Amino acid sequence: PSLVGSEMCIRDRYYYSTVIQVRNTDALGRLYFADQFNICHDAYQSFMRSIDFPMPRTPTDSPHLAIAHVEGGYHQLLMIDDPIDVHMSVAALGNTSITFLYQLYRNDVLVGNARFVHVVMDPVKACKQPIPQVLREKLQTHLTEPDKA
């Protein structure tokens, strides 16, 4: 069963649960495709909070994890009040980039997926920088083996 508004971590996966809100839908109550990315981003923010790596609060806070690439699949129609469980993992850690995978489930059925590539940026110099070691160590515990992704 879905635990709405909850999050937990099991092995290399992070789990985030929510429900489709009115603000995520069109006049017929169907999820906007782009809002699937917003749900993933909510899971990302919750995940970063769970590993005690706060989001930047000012333009000069470092580092910023800018989104460089995103792709997704929308497999089934989602409606207002549908419970959604987001399974999130770290797919790859580069020198300056981090790839997150998201799988969205409704009642244990895969209904969508997404992949976000973030680049670590120095907000003052506006250039890429290596992933800070403290962040790398926290993310490695969520790194999914390629055949599990």
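Everything quoted here is computed from the prediction, not taken from an experiment.

Participant: Please set out the overall build of the chain residue by residue, giving values where relevant.
Facilitator: Within the chain, the secondary structure is distributed over 2 helices and 7 strands. Along the chain, from the amino end to the carboxyl end, the secondary structure elements read β-β-α-β-β-β-β-β-α. Here the analysis covers contacts within the chain between residues at least 6 apart in sequence; of these, 64% occur between residues at least 24 apart. For the chain, the accessible surface area stands at approximately 8200 Å², while carbon and sulfur atoms represent 53% of it.

Participant: Before we move on, could you go through unusual backbone geometry and cite the residues and values that matter?
Facilitator: Most of the time, phi is negative for any residue but glycine, and the peptide bond is trans. For Asp108, which is not a glycine, the phi torsion comes out positive at approximately 65°. Relative to the elements of secondary structure, Asp108 occurs in the loop between strand E5 (97-106) and strand E6 (109-122). The exposure class assigned to Asp108 is exposed, which follows from its relative accessible area of 73%. Positioned with a positive phi, Ala126 is a non-glycine residue whose angle comes to about 55°. Summarising the element assignment, Ala126 is placed in the loop between E6 and strand E7 (127-128). A relative accessible area of 59% places Ala126 in the exposed class.

Participant: How would you explain the layout of surface pockets if you had to name every residue and give the values?
Facilitator: Here the second largest pocket defines a volume of roughly 160 Å³. The element contributing the most residues to the lining of the second largest pocket is helix H1 (residues 33-50), with 3 residues. Considered class by class, the residues forming the lining of the second largest pocket number 8 nonpolar, 4 polar and 1 charged.

Conventions used here
- Residues numbered from 1 in each chain as written.
- Predicted model: local features only at pLDDT ≥ 70, side-chain atom pairs only at ≥ 80, totals over all residues.
- Heavy atoms only, no water.
- Helix = DSSP H or I, 4+ residues; strand = E, 2+ residues; numbered from the N terminus.
- Contact = heavy atoms within 4.5 Å.
- Areas by Shrake-Rupley, 256 points an atom, 1.4 Å probe, with all protein chains shown as cover.
- Buried < 20%, exposed > 50% of the residue type's maximum accessible area, 1.4 Å probe, protein only.
- 1 Å grid on protein atoms, 1.4 Å probe; cavity = no way out; pocket = protein on both sides within 12 Å on 5 of 7 lines; lining within 4 Å.
- Points joined across faces, edges and corners; volume = space filled by probe spheres on them.
- Nonpolar A, V, L, I, M, F, W, Y, C, P; charged D, E, K, R; others polar.

So far we have only geometry, and geometry alone does not tell us how the molecule works.
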